[in-house]
Amino acid sequence: MKKERVGIVGVGAYLPEKILTNYDLEKMVETSDEWIITRTGIKERRIASDQDAASDLGARAAEVALKDAGLTPEAIELLICATITPDMLFPSTACFIQRKIKAKNAVCFDISAACTGYIYALNIAEHFLKNGTYRNALVVGTEKLSAITDWKDRSTCVLFGDGAGAVVLKKVKQGGIISTYLGSDGEQADLLKIPAGGSRMPASLSTVEARLHFLKMEGTELFKHAVRLMAEAAEKALAQAGLTCKDVAYLIPHQANIRILQAVAKKIGLPMEKIYLNIEKYGNMSSASTAVALYETVKFKKIKKGDIIVLVAFGSGLTWGATVIEWAQ
Ligand code: UT7
């Protein structure tokens with residue numbers, strides 16, 4: 001008997017209206033549109049309003065995904081939120097989203113795996129659905145990175161943006177998730193972090209004055225790991241599925257830097273036309289990047305029923321992962 005797979009049955013996204021362009025950044029720090037475009041591929045990014053936190057963006061994306069799936073909020077049994085910009089350290093952003101969308105029957109928790117969070121969360125949801133614990137799941141990747149960005153640090157503030165993406169998952173008769181490969185390397189944990197505000201360095205006047213509540217990144221070092229590990233994740237997930245790059249209709253990656261994606265494409269032998277790019281419009285949205293990219297490939301009709309797609313991400317932790325899906329919508 002054919003084994004039932006878990007598939008994506010609804011997609012959603014939310015991008016804040018406010019656009020911050022490279023030209024706007026030229027007025028804030030010593031940078032240029034030319035440097036940002038050539039070094040990263042980013043032209044503009046979205047910035048959430050002061051009133052909105054990660055759960056507000058996530059709830060809006062979730063509502064779109066639920067509508068797309070034709071499910072009521074009450075029907076949702078599992079709600080996982082991937083974020084590194086939670087509304088608060090606790091309770092979980094997933095619980096705030098639950099309250100906002102009135103998904104009162106869902107079990108809710110967050111997952112912290114930085115830019116790979118969405119792929120980790122998909123994999124966790126897939127296991128819960130496969131083993132029959134829950135019948136459906138809502139997975140949200142949401143970030144308000146503007147809240148943890150040091151707007152005086154030109155080496156990071158040009159890179160990030162705000163946004164959210166969401167999917168609804170269920171067991172499906174055709175297509176679905178074929179394989180997932182995940183990895184982590186805590187040895188490299190210091191390459192991208194927020195030093196203060198946790199139990200290691202609680203918030204104090206001196207941590208605020210030292211700007212230790214903003215993200216700190218060793219970009220050049222991360223770049224090398226990103227190329228190697230995104231390529232490895234995509235290849236390993238495909239191998240687990242018994243497939244190769246030749247079978248792939250679209251690679252839908254985390255969007256940190258266009259040069260990373262060009263290097264990954266070269267490494268795995270995939271033409272750039274098969275890599276979905278939206279970094280130009282949104283920058284790096286951490287766990288929301290891959291989620292929003294998937295939403296756009298569906299909404300812009302880039303993928304069709306039966307296509308093999310690969311979601312791939314890399315981020316702080318380090319964490320990395322890839323998921324191979326036969327598109328069934
Ligand atoms: O989301 C997952 C985790 N994150 C990543 O995967 C990010 C990976 N890293 C990167 O994308 C790139 O390393 C960056 C875009 C962050 C930086 O690019 P780079 O080619 O590695 O540049 P760099 O940091 O080596 O800096 C090159 C030069 C430096 O000047 P000097 O020392 O050569 O004189 C920087 O000071 O560019 C300078 N620079 C800038 N200049 C203008 C750094 N940021 C800026 C800026 N505008 N915004």
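Here the structure is a predicted model, which is why all the values come from computation and not from measurement. Counting restarts for each chain, with residues numbered from 1 along the sequence as it is written. With the structure being a predicted model, the display of local features is reserved for residues of pLDDT at least 70 and the display and counting of side-chain atom pairs for 80 or more, all residues being used for whole-chain, interface and lining totals. Calculated side-chain values reflect all of the structure's heavy atoms, with hydrogen atoms and water omitted.

1. Remarks on the sheet that holds strand 6 (residues 136-144)
- Strand pairing is assigned whenever DSSP identifies at least 2 bridges connecting the two strands. Numbering of helices and strands starts at the N terminus; helices are DSSP runs of H or I of at least 4 residues and strands are runs of E of at least 2. The strand order across the open sheet built from five strands is 1-7-6-4-5, with neighbouring strands paired in mixed fashion. The open sheet is flanked by strand 1 (5-14) and strand 5 (107-111), the only strands paired with a single partner. Along the sheet, successive strands turn relative to each other by an average axial angle of 20°, direction set aside.
- Of the pairings in the sheet, the one linking strand 6 to strand 7 (residues 162-172) comprises nine bridges and is antiparallel in character. Each residue of the ladder has a partner; that of Gly 141, found in strand 7, is Gly 165.
- Sheet contacts for helix 3 (residues 54-69): strand 1, strand 6 and strand 7; angle to strand 1, the most-contacted strand, approximately 125°. Lines fitted to the C-alpha atoms define the axes, with helices restricted to the stretch that makes contact. Angles between their N-to-C directions range from 0 to 180 degrees. The contact criterion used is simple: two residues touch if any of their non-hydrogen atoms lie within 4.5 Å.

2. Quick word on the packing of helix 3 against helix 4 (residues 93-101)
- Running from amino to carboxyl end, helix 3 crosses helix 4 at an angle of 55°, the nearest separation of the two axes being 9 Å. When the axes of helix 3 and helix 4 are compared, the pair comes out oblique. As helix 3 runs across helix 4, the sense of the crossing is right-handed. Note on element contacts: helix 4 touches helix 3 through Thr 93, Phe 96, Ile 97, Lys 100 and Ile 101, opposite Ala 54, Ser 55, Asp 56, Gly 58, Ala 59, Ala 62, Glu 63 and Leu 66.
- Split into classes, the residues belonging to the contact of helix 3 with helix 4 amount to seven nonpolar, three polar and three charged. Comment on the angle field: the value is read as roughly parallel under 35 degrees, roughly antiparallel over 145, roughly perpendicular from 65 to 115, and oblique elsewhere. We call a crossing left-handed when the near helix sits turned anticlockwise from the far one by less than a right angle, and right-handed when that turn is clockwise. Three categories are distinguished: nonpolar for Ala, Val, Leu, Ile, Met, Phe, Trp, Tyr, Cys and Pro, charged for Asp, Glu, Lys and Arg, and polar for the others, with Gly belonging to the last.

3. A closer look at the sheet that holds strand 11 (residues 250-253)
- Read across the open sheet, the four strands follow the order 8-13-12-11; overall the sheet is mixed. The sheet is open, and its two borders are formed by strand 8 (176-184) and strand 11, each paired with just one other strand. The average angle at which neighbouring strand axes cross in this sheet is 15°, direction not considered.
- One ladder, built from eight bridges, connects strand 12 (residues 308-315) with strand 13 (residues 319-326); its direction is antiparallel. Paired with Phe 314 across the strands is Trp 320, a residue of strand 13.
- Contacting strand 8, strand 12 and strand 13, helix 5 (residues 117-130) runs over the sheet at an angle of about 125° to strand 8.
- Strands in contact with helix 8 (residues 219-240) are strand 8, strand 11, strand 12 and strand 13; relative to strand 12, the strand with the most contacts, it is inclined by about 145°.

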